[in-house]
Amino acid sequence: MLQVRAWQKQGAPKMSGAITVNQLQTRQPSHVTVATASLIGTAIEWYDFFLYGTAAALIFNKLFFPTFDPMVGTLLAFATYALGFIARPLGGVVFGHYGDKIGRKTMLYLTLLIMGAATAAIGFLPTYETAGIWAAILLIACRLIQGFGLGGEWGGAVLMAVEHAPEDKKGFYGSWPQLGAPLGLVLGTLVFSVVSSMLTDAQLYAWGWRIPFLFSIALVLVGLWIRFTIAESPEFQKVKDTKQEVKMPIVDAIRMYPKNILLAMGARFAENGFFYIYATFVLAYATQSLGMNKQDMLNGVLIAAAIETFTIPAFGALSDRVGRRPIYIFGAVFSALMSFPLFMLLSTKNPHLAWIAIVLGLAVGHAAMYGPQASFLSELFGTKVRYSGVSLGYNLASIFAGALSPLIATGLMTAYAPATWPISLYMIALAIITVVSVYFATETRKIVQP
């Protein structure tokens, strides 16, 4: 009632009869509320996903693969980490299909529940010491479920934000759910850092590592409550009201936009690959190969991700003025230029110089690509198949970029140690793929797909 009266005081005409919840929601300027809800939900889901990466880099090799050499154990931990990405396209296809037929909002409930359940389950898993090989098998199963849920999450969250946003601010508001990645990384790293700093190594490996995973239960409950308050996407609602839904959205997306799916994939190679090199591989490299302090490196990632929460929306807003492609290409080129300085700064073993390297890589290079990404990829597809198209392009790239980058970097480090130039060349190759893909893509600012 208070909301209705407040709306009436703003000069709205009085109406006889009751005002339904749907009517009230359509009259409210909801794009800020929806963007905020998308942000909070994605932050929780990325917390779940990134927490695994931090644990894989620092402790899972000893808990689940203790019979191997430490570096081989880390390689195996990253391999299980990569499996989560393999399940993401399947989640993107399933949730994209129903998101284009039923609606974006319902899918966001389901993805959050699936991610939260899988993450909490990891916190209850037995380790190799008590269950042997079955511990690793159960870990892999949980990781696959995580990937399946996240595969459907991103598309729904960004579409809710972009499709609610004003035409001239889709880049800015589309960047809000993108903040979920660095915020989830901050939250996951912070929780893990606090737990590890308060416990001895013996306590951490015995039971303390479970706390961050179990903490996900509380976060998921908060996320579900927040997402319950938002309205369905107005652009999709128009499709549904006019009964224009397609029977097989994923098939139509591939038929209508094959080029755009491939270009969306290519656009993600540098953004996705570089992020996981900085957020996961660098932790393992600095602590295991260089002997740097684990807490110092966690703090570096924490600082970089915190700064990125400001630079992502800044680059998103800038894309509303100058276009998506110029900002995106700048980020890829900057990331390529950082590939050699990254290891030069890390090799000093000075934590402050290491922080500078991580901050530049994440808060500048990655943020310039990630900020306009939601609006850029969403605008490549029409509303009727947008969830399917954007989810397919986004998640297929994750298999070849984010899933493999820590694995490939670790393999190159093992094969060519102490040389790091092969890793830098690999990073440059990722950037070249993205620059070429974005160059040949259509500038989507001010262009509305049918």
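Numbers given to residues run from 1 along each chain, matching the order in which its sequence is written. Restriction of local features to residues with pLDDT of at least 70 applies here, the model being predicted, together with a cutoff of 80 or more for giving and counting side-chain atom pairs; totals for whole chains, interfaces and linings are based on all residues. Side-chain metrics in this entry use all non-hydrogen atoms of the structure; hydrogen atoms and water are not considered.

On to the overall build of the protein. When helices and strands are counted, the protein shows 24 helices and zero strands. Here the radius of gyration uses the C-alpha set of atoms, whereas the globule reference equals 2.2 Å times the residue count to the power 0.38. For 450 residues, the compact-globule estimate of 2.2 N^0.38 gives 22 Å, and the C-alpha radius of gyration of the protein, at 22 Å, lies within 12% of that figure. Judged by the C-alpha coordinates and their principal axes, the protein covers about 75 × 45 × 40 Å. Per-residue accessibility, obtained with a 1.4 Å probe over protein chains only, is compared with the maximum for each type, and a residue is labelled buried under 20%, exposed over 50%, and partly exposed between these values. Within the protein, buried positions represent 59% of all 450 residues. Partitioning the intrachain contacts of the protein with sequence separation of at least 6 by distance along the chain shows that 87% fall at a separation of at least 24. For the protein, the accessible surface area stands at approximately 17500 Å², while carbon and sulfur atoms represent 71% of it. In the protein, which carries 30 positive and 21 negative side-chain charges, the distance between the mean positions of the two groups comes to 7 Å. Runs of E in the DSSP output that reach at least two residues are strands. Runs of H or I that reach at least four are helices, and both are numbered from the N terminus. Any two residues whose heavy atoms approach within 4.5 Å are treated as being in contact. The method behind every accessible area is Shrake-Rupley, applied with a 1.4 Å probe, and residues are considered shielded solely by the protein chains displayed. Positive charges come from Lys and Arg alone, negative charges from Asp and Glu alone, with His and the N- and C-terminal ends not counted. Think of each charge as sitting on NZ of Lys, CZ of Arg, CG of Asp or CD of Glu.

Moving on, we come to the pattern of salt bridges. A carboxyl oxygen of Asp or Glu within 4 Å of a side-chain nitrogen of Lys or Arg is what we treat as a salt bridge. Summed over the entire model, instances satisfying the criterion amount to eight salt bridges. Arginine 268 is the partner of glutamate 271 in a salt bridge, and the nearest nitrogen-oxygen pair spans 3.1 Å. With glutamate 271 and arginine 268 both in helix 17 (residues 258–289), this residue pair falls three residues apart, about one helical turn. For the pair shown, glutamate 271 and arginine 268 are each scored as buried. Bridged by salt links that share partners, the residues Asp100, Arg104, Glu163 and Arg386 form one connected network.

With that out of the way, let us pick up the packing of helix 19 (residues 324–337) against helix 21 (residues 351–378). One way to put it is that helix 19 packs onto helix 21 with a least axis distance of 8 Å and a crossing angle of 150 degrees. Classified by the interaxial angle, the pair formed by helix 19 and helix 21 is roughly antiparallel. As helix 19 packs across helix 21, the resulting crossing turns out to be left-handed. Here Arg324, Arg325, Ile327, Tyr328, Phe330, Gly331, Ala332, Phe334 and Ser335 of helix 19 come into contact with helix 21, specifically with Leu360, Val364, Gly365, His366, Ala368, Met369, Pro372, Gln373, Ser375 and Phe376. Here the residues of the contact of helix 19 with helix 21 sort into eleven nonpolar, six polar and two charged. Interaxial angle, 0 to 180 degrees, is taken between N-to-C directions of lines fitted to C-alpha atoms, where a helix line uses only the stretch in contact. Roughly parallel means an angle under 35 degrees; roughly antiparallel, over 145; roughly perpendicular, 65 to 115; everything else is oblique. For any helix crossing, the convention is left-handed if the near helix is rotated counterclockwise from the far helix by under a right angle, and right-handed if that rotation is clockwise. Under the scheme applied, nonpolar residues are Ala, Val, Leu, Ile, Met, Phe, Trp, Tyr, Cys and Pro; charged residues are Asp, Glu, Lys and Arg; polar residues are all the others, including Gly.

Let us now look at the domain arrangement of the protein. Annotation of the protein at the domain level lists domain 1 (30–235) and domain 2 (246–449). Start and end positions for the domains come from either an automated domain assignment or a database one. A straight line from the C-alpha centre of domain 1 to that of domain 2 covers 18 Å. The interface of domain 1 with domain 2 comprises 63 residues on the first partner and 65 residues on the second. The junction of domain 1 with domain 2 conceals about 4900 Å² of combined surface from both sides, 69% of it contributed by carbon and sulfur atoms. Polar contacts here mean pairs of N or O atoms no more than 3.5 Å apart (in protein, one a potential hydrogen donor and the other a potential acceptor; neighbouring residues in sequence count only if both atoms are side-chain atoms). For the interface between domain 1 and domain 2, the tally reads 14 residue pairs in polar contact (both at pLDDT 80 or more). Going through the elements one at a time, helix 3 (31–58), helix 5 (70–86), helix 6 (88–101), helix 7 (104–123), helix 9 (133–164), helix 10 (170–178), helix 11 (180–198) and helix 12 (201–208) are the ones with two or more residues in the side of domain 1 that touches domain 2. Sort the elements by how many residues they give to the side of domain 1 that touches domain 2 and helix 11 lands first, with eleven residues. Here the side of domain 1 that touches domain 2 is built from residues that sort into 32 nonpolar, 20 polar and eleven charged. We define buried area as the total accessible area lost by two parts upon association, computed with a 1.4 Å probe and summed across both.

As a per-residue quantity, pLDDT reports the predictor's confidence and falls between 0 and 100. Chain-level pLDDT for the protein is 84 on average; 90% of the residues reach the 70-or-more range. Element-level mean pLDDT values for the protein span from 40 in helix 1 (residues 2–9) up to 97 in helix 19. In the model, residues 1–29 has pLDDT below 50 throughout and makes 15 contacts with residues more than four positions away in sequence or in other chains.

Moving on to the packing of aromatic side chains. Only Phe, Tyr and Trp rings are paired, with Trp represented by its six-membered ring, and only when their centres lie within 6.5 Å; those with planes under 30 degrees apart are stacked, over 60 edge-to-face, the remainder tilted. Considering all chains together, one arrives at 17 aromatic pairs under this definition. A centroid spacing of 6.0 Å and a plane angle of 85 degrees characterise the contact between phenylalanine 64 and tryptophan 209, whose relative ring orientation is edge-to-face. Of the two residues, phenylalanine 64 is situated in helix 4 (residues 60–64) and tryptophan 209 in the loop between helix 12 and helix 13 (210–214); the sequence distance between them amounts to 145 residues. A residue is classified by how much of its surface remains accessible, and phenylalanine 64, at 1% relative accessible area, is buried. According to the relative accessible area criterion, tryptophan 209 is buried, its value standing at 0%. With centroids separated by 6.0 Å and ring planes inclined at 40 degrees, the aromatic side chains of phenylalanine 330 and phenylalanine 334 adopt a geometry described as tilted. Separated by four residues within a single helix, phenylalanine 330 and phenylalanine 334 lie in helix 19, roughly one turn from each other. For phenylalanine 334, a relative accessible area of 21% translates into the label partly exposed.

Before going further, it helps to examine unusual backbone geometry. In this chain, alanine 417 is followed by proline 418 through a cis amide linkage whose omega measures 5 degrees. Mapped onto the secondary structure, proline 418 falls in the loop between helix 23 (405–416) and helix 24 (421–440). Of note in this structure, lysine 349 is not a glycine but carries a positive phi near 60 degrees. Counting through the fold element by element, lysine 349 comes out in the loop between helix 20 (339–347) and helix 21.

A few words on the side chain of serine 335. Relative to the elements of secondary structure, serine 335 occurs in helix 19. You can call serine 335 buried: its relative accessible area is 2%. For serine 335, the residues in contact, after removing those within four places along its chain, are Phe274, Gly365, His366 and Met369.

Patch membership requires more than 30% relative accessible area and the absence of a salt bridge. Residues of like charge join within 9 Å; the nonpolar side chains Val, Leu, Ile, Met, Phe, Trp and Tyr join within 5 Å. A grouping of Phe340, Met344, Tyr416, Trp421 and Leu425 is seen on the molecular surface, where their side chains present a nonpolar patch of about 540 Å² in accessible area. Along the chain, the position of phenylalanine 340 falls in helix 20. Among the residues examined, phenylalanine 340 registers a relative accessible area of 36% and is labelled partly exposed.

Another aspect to go through is the environment of leucine 139. For leucine 139, the position within the fold is in helix 9. The class for leucine 139 is buried, based on a relative accessible area of 0%. Residues leucine 139 and isoleucine 428 lie 289 residues apart in sequence; the distance between their C-alpha atoms is 32 Å. Among all residues touching leucine 139, those that are not within four sequence positions of it are Tyr52, Phe60, Phe64, Thr80, Ile122 and Leu125.

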